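Next come the chains, spelled out residue by residue.
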Amino acid sequence: MPHVLKAPLTVEFPFTRSLGPVQSAFLTGLRERVVLGVRGSDGRVLVPPAEYDPVTAEEIRDLVEVAPTGTVTTWAWNHEPRRGQPLGTPFAWVLVRLDGADTALLHALDAPGPDAVRTGMRVRVRWAGERTGAVTDIACFEPYDGEPEPPGGHPGVFEDPVRGIVAPARLDYTYSPGRAQTAYLDALGSRRIVGERCPSCRKVYVPPRGACPTCGVATAEQVEVGPRGTVTTFCIVNIKAKNLDIEVPYVYAHIALDGADLALHARIGSLPYDQVRMGLRVEPVWSEGSRYPDHYRPTGEPDAPYDTYKELL
Amino acid sequence: MTRDIAVVAFAQSDHRRTSDELSEVELLMPVLHEVLERTGLRTADIGFTCSGSSDYLAGRAFSFTLALDGVGAWPPLSESHVEMDGAWALYEAWTKLRTGDADTALVYSYGKSSPGSLRDVLTRQLDPYYVAPLWPDSVALAALQAQALLDAGHADEPALAAVAARSRADAVTNSRAQVRGAVPHGDYLVRPLRTGDCPPIGDGAAAVVLAAGDLARRLCPRPAWIRGIDHRIEAHSLGVRDLTDSPSARLAAERAGAFERPVDTAELHAPFTSQEIVLRRALRLGDDVRVNPSGGALAANPMMAAGLVRVGEAAAAVHRGASDRALAHATSGPCLQQNLVAVLEGDPR
C-alpha cells in the first residue's frame, strides 16, 4: 500500500435545540420526577409524547401523567457500554411501556446480567440525582416487583418550564486524505508545491484532489509549480475570526502559482492591505516547523500583465 | 407522461473494511467510469445525475461536492444529491425521467465508514430530544428488534444463524463482497445478535445508469425495466412501532406492484439477519424466491450504497437472464424505519 497520511479528527458540537410545548412539558416533568404522556387522536397514550400524532399528524396537546413503573416490551443485553450511554457497567437496553401508557420508551435497565432480564418483567424509573430537564433525568430503569405506582394526575403545567436542551455531540475520526492529497501534503512538508496534471485536458490542479473536476478522470502526473505566483483577485477581511491571531484588515487572495491552471487561496502579508492589487507577484513565506506557507508576500517583480492570468480568474 | 424506465448498467467497487489510500472521489471514480463504459455513454450524454452519501460517515464536510469531481461537471450538469442511500437518489432520478425532463440518468452513492466509529455515528440520525442523548448504537437497536422477533416466535437463534450462513455462502460467487464463505457466527455483540448476525462495516461505492424507452434497448441487450417503485416511512419513535413487522415495506411493495405477480428473485437490504426474517414475511416471499443471491448486506454493507447495490444486483440478474422479475429493496434508519421497493422485469425471452 502507498504511504498514507492519517490524523485524528474530532467533530464536536453542543447542539442547542428548542422544544415544542409537549416536549417541554415532558422534559420539565422528568426534572420534577413526573412522567407525562400525550393522548393521541385514537385515544392511545404516547410515552414519550409527540407533538403530532404519529398516525394522523394532528397536533396533540392533551397531557396525561403515567406511572414511573412499567413493563419491558423488548430488551437487548449490552455487555460493552459505549461512550455516552446511560450506564458504564453492562446493562440491558429496554423498551418500557409505563403503566398508563400504550407505547414504549427506550432507555437502559440496570440488571445484574442477561439472565435477570426478560420481556414482560416489571421495572421502575431510577431518577438521576441531578435533573436538568432532559431524557437523562431518568438515570435508568431498575427491576421492580412491587405494586404499580399510581400516577399523580399532574396537569403538565410547571413553573419555570424547560424551553430548550443543549445536546453535546462528539464523534472521533481518523481521517486520511487519500492518495493525491497525501502526495501534496508530503511535498509541502519539504516546502515544495506539487500539483497534478489531467491526462485529458492537460490542466495542472493544485492542490490536487485526485480527479480532474472538468473531465472526471484521475490525475496522476505530478508537476511542481510555483513557488511564485500572481494575485488574480482578492478581498479585504475586516472581521476578526475567532481563535485567529491575525490583525484586521488583511487581504485574502486567489493566487495562480506559476505552472498551475487553478488558483489557490492564501493570505497576503508584508504589504499594507490597500496596496494589494490584481497582477501582484507573490511568493510563499514558510514559518519554522510549519507544514504549509504562513502567507504570501510580494516578490518585487513587476506586476503580471492581465492577459497572463485572465483565464485563471 | 408514462414512459418505461430501465436500469441499463450497474457497477460497484470492491467493498473493504478500510480504504485509507483513497479519498471518496478516488474510491468512487473507477465505479463511475465502469458504469458509463458499459453503456458507451459519456458524462456529457447524461441527462440527470443524482447521488446519495452522508458527510457524517467520514466526518468530511461537503464530500459530495468533491465527489462530483469524479463525474466531470463540465459542461455544467443537471445534478442533485440526497443525504440518504443511493436507492433514494435512484427514486429521484426515476421521477425525473418519468417527467420527460431527461432520457438518461447516472445514479451513484458511496460510503466511507472506516474513518469513524459507525455504531456511534449512526446514533446521530435518531430523535435528538428523547433518543440520541442516550447514544443507543445501531447494533443495540437492531438487537431490540431481534428480541421482539424471538419473543413473537417468528424466529429462533438458529434461524438467524442460518440466514447469515446462507448469505455468506452465496457471496462466494460475488467477488466484490467483503465477507464471503463460512465465517464463525461468533459471540454476542449485543444479545441476542451475534457478530455473525451483523453486517460488516466497510467502504464502498456503487453506480447505475437509467434510460427511458427505446434508448434503454439500444444501451443494454436486456434492460431491467422498473415496473414500479415506491418508498414509505414509519413513525420515528421505536416504541410506537411493532418491530416484528414492516408495514412500510409491505405498502411500498404493494404500491410498486410487487404482489401482482410472483417475483423469482429478491435483493433485500437487511443488514441484520433478523431483518431478513421481518422483510420476508412483510413482502410475502415464499421459499421459491431466490433471496440475496449476491450475499446481501450481510456480505457487504457500505453505508449509503448498500441499498443501491440491491437495485443494481437485481437489475444485473435481469440483464444476464438469471431473473425475469426481481424485487429490490432498500432500507434506511433504525429497525427498518424507511423502506423502498422496486420491481424490475426483463423483456420476455
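Residues numbered from 1 in each chain as written. Chains lettered and ligands numbered in written order. Predicted model: local features only at pLDDT ≥ 70, side-chain atom pairs only at ≥ 80, totals over all residues. Heavy atoms only, no water.

Taking an unreviewed UniProt entry as the reference, chain B is identified by name as Thiolase domain-containing protein belonging to Streptomyces doudnae.

In the annotation of an unreviewed UniProt entry, chain A is listed under the name OB-fold domain-containing protein and assigned to Streptomyces doudnae.

### So, the overall build of chain A
This is how it is decided: Where helices and strands are cited, they refer to DSSP runs of H or I of at least four residues and of E of at least two residues respectively, numbered from the N terminus. With the radius of gyration taken over C-alpha atoms, the globule rule is written as 2.2 Å times the number of residues to the power 0.38. With a 1.4 Å probe rolled over the protein chains alone, any residue whose accessible area is under 20% of its type maximum counts as buried; one over 50% counts as exposed, and the rest are partly exposed. We call two residues in contact when some of their heavy atoms are within 4.5 Å. In these tables, accessible area is a Shrake-Rupley quantity obtained with a 1.4 Å probe, and a residue counts as shielded only by the protein chains included in the view. In this tally Asp and Glu are treated as negative and Lys and Arg as positive; neither His nor the chain ends contributes. Every charge is mapped onto a representative atom, which is NZ of Lys, CZ of Arg, CG of Asp or CD of Glu.
When helices and strands are counted, chain A shows two helices and 18 strands. Against the compact-globule benchmark of 20 Å for 313 residues, chain A has a radius of gyration of 31 Å, which places it well outside the compact range. Viewed in the frame of its principal axes, chain A has a C-alpha envelope of about 90 × 45 × 40 Å. Among the 313 residues that make up chain A, the fraction classed as buried is 47%. By sequence separation, contacts in chain A at least 24 residues apart represent 57% of the contacts at least 6 residues apart. For chain A, the computed accessible surface area is about 15600 Å², with 51% contributed by carbon and sulfur atoms. The centroid of the 33 positive side-chain charges in chain A is displaced by 6 Å from the centroid of its 39 negative side-chain charges.

### Describing the packing of aromatic side chains
So the rule is basically this: Paired rings are identified among Phe, Tyr and Trp, the last through its six-membered ring, by centres lying within 6.5 Å, and are further divided according to the angle between planes into stacked (under 30 degrees), edge-to-face (over 60) and tilted (the rest). Here, a charge over a ring means that NZ of Lys or CZ of Arg falls within 6 Å of the ring centre while also lying within 35 degrees of the ring normal.
Counting across every chain of the model gives six aromatic pairs over all chains. Considering the side-chain rings of tyrosine 306 of chain A and tyrosine 309 of chain A, the 5.6 Å spacing of their centres and the 80° angle between planes classify their relative orientation as edge-to-face. Residue classification places tyrosine 306 of chain A among the partly exposed residues on the basis of a relative accessible area of 45%. Taking the ring centre of tryptophan 135 of chain B as reference, the NZ or CZ of arginine 124 of chain B above it sits at 3.5 Å.

### A word on a nonpolar patch on the surface
For clarity, the cut-off: Patches in this entry comprise residues that are over 30% relatively accessible and not in a salt bridge; like charges within 9 Å are linked, as are nonpolar side chains (Val, Leu, Ile, Met, Phe, Trp, Tyr) within 5 Å. Any carboxyl oxygen of Asp or Glu that lies within 4 Å of a side-chain nitrogen of Lys or Arg is treated as forming a salt bridge with it.
A contiguous nonpolar surface patch, about 540 Å² in accessible area, is contributed by Phe234, Ile236, Tyr273, Met278, Tyr306 and Leu313 of chain A. If you trace the backbone, tyrosine 273 of chain A turns up in the loop between β16 (264-268) and β17 (281-285).

### Some points on the packing of helix α7 (residues 157-170) of chain B against helix α10 (residues 273-282) of chain B
Residue and element names in this part refer to chain B. Quick reminder of the rule: To define axes, lines are fitted to C-alpha atoms, for helices over the stretch in contact only, and angles between the resulting N-to-C directions are given on a 0 to 180 degree scale. When describing relative orientation, an angle under 35 degrees is termed roughly parallel and one over 145 degrees roughly antiparallel, while 65 to 115 degrees is termed roughly perpendicular and anything else oblique. Only Asp, Glu, Lys and Arg are considered charged in this grouping, and only Ala, Val, Leu, Ile, Met, Phe, Trp, Tyr, Cys and Pro are considered nonpolar; every other residue, Gly among them, is considered polar.
Orientation of α7 relative to α10, taken along the N-to-C sense of each, is 95°, at an axis distance of 8 Å. As far as their axial angle goes, α10 and α7 are roughly perpendicular. Judged by residue contacts, Ala159, Leu160, Val163, Ala164, Arg166 and Ser167 of α7 engage Thr273, Ser274, Glu276, Ile277 and Arg280 from α10. Taken together, the residues that form the contact of α7 with α10 break down as five nonpolar, three polar and three charged.

### A closer look at the pattern of salt bridges
Residue and element names in this part refer to chain B. With the rule as written, the count across this model stands at 52 salt bridges over all chains. Across the pair glutamate 345 and arginine 325 runs a salt bridge whose closest N-O atoms are separated by 2.7 Å. Here glutamate 345 is found in strand β12 (residues 338-345), whereas its partner arginine 325 is found in strand β11 (residues 325-332), with 20 residues between them in sequence. Neither residue differs from the other here; glutamate 345 and arginine 325 are each classed as buried.

### Concerning the interface of chain A and chain B
One frequently used descriptor of interface size is the decrease in accessible area upon assembly of the parts. Which entries qualify depends on this criterion: Buried surface area refers to the total accessible area, computed with a probe of radius 1.4 Å, that the two partners give up upon joining, counted for both partners together.
Each side of the interface is counted separately: chain A has 67 residues, and chain B has 53 residues. Of the roughly 4800 Å² buried at the junction of chain A and chain B (both faces included), carbon and sulfur atoms supply 60%. Where chain A meets chain B, there are two salt bridges. A salt bridge links aspartate 120 of chain B to arginine 82 of chain A; its shortest N-O distance comes to 3.0 Å. Elements that contribute at least two residues to the side of chain A that touches chain B include exactly β1 (7-18), α1 (21-31), β5 (69-78), β6 (91-98), β7 (105-109), β10 (164-175) and α2 (178-189) of chain A. The element that contributes the greatest number of residues to the side of chain A that touches chain B is β10 of chain A, accounting for nine residues. Of the residues in the side of chain A that touches chain B, the class split is 38 nonpolar, 19 polar and 10 charged.

### A look at empty space enclosed by the protein
Note the following rule: The distinction between a cavity and a pocket rests on a 1 Å grid over the protein atoms alone: a 1.4 Å probe fits inside a cavity but cannot get out, while a pocket stays open yet meets protein on both sides within 12 Å along at least five of seven lines, and a residue with an atom within 4 Å of a point counts as lining. Grid points are joined across faces, edges and corners, and a volume is the space filled by probe spheres set on the points.
Counted by the stated rule, this structure contains three cavities of 30 Å³ or more. Here the largest cavity is characterised by a volume of approximately 70 Å³. Lining of the largest cavity is provided by Gln181 and Arg209 of chain A together with Ser23, Glu24, Val25, Arg60, Ser63, Leu66 and Asp69 of chain B. By residue class, the composition of the lining of the largest cavity is two nonpolar, three polar and four charged. Volume-wise, the second largest cavity comes out at about 40 Å³. In terms of lining residues, the second largest cavity is bounded by Gln12, His15, Asn174, Ser294, Gly295, Gly296, Ala299, Ala300, Val309, Arg310 and Glu313 of chain B. Broken down by element, the residue count for the lining of the second largest cavity peaks at three residues, all from helix α11 (residues 306-319) of chain B. A breakdown of the residues in the lining of the second largest cavity according to their chemical character gives three nonpolar, six polar and two charged.

### Quick look at the domain arrangement of chain A
Formally: Here the bounds of each domain stem from an automatic or database domain assignment.
In terms of domain boundaries, chain A breaks down into domain 1 (7-170) and domain 2 (178-312). Just the C-alpha atoms count here: the centres of domain 1 of chain A and domain 2 of chain A sit 53 Å apart.

### Thoughts on the sheet that holds strand β13 (residues 221-225) of chain A
Residue and element names in this part refer to chain A. The criterion, for reference: Whether two strands pair depends on DSSP finding at least two bridges between them.
The strand order β12-β11-β13 describes an open sheet built from three strands, whose pairing is antiparallel. The sheet is open, and its two edges are formed by β12 (204-205) and β13, each paired on a single side. Summarising the sheet, strand β11 (residues 193-197) and β13 pair through five bridges and their orientation is antiparallel. Note on β13: the bridge partner recorded for arginine 197 is glutamate 221.

### Looking at the sheet that holds strand β2 (residues 48-52) of chain B
All names here are of chain B. Taken together, the 10 strands give an open sheet; going across it, the order is β3-β2-β4-β7-β1-β8-β12-β11-β9-β10, and neighbouring strands pair in mixed fashion. Where the open sheet ends on each side, the last strands, each with one partner, are β3 (79-82) and β10 (290-291). Relative to β3, β2 is paired through four bridges, and the arrangement is parallel. The partner of serine 51 across the bridge, within β3, is histidine 81.

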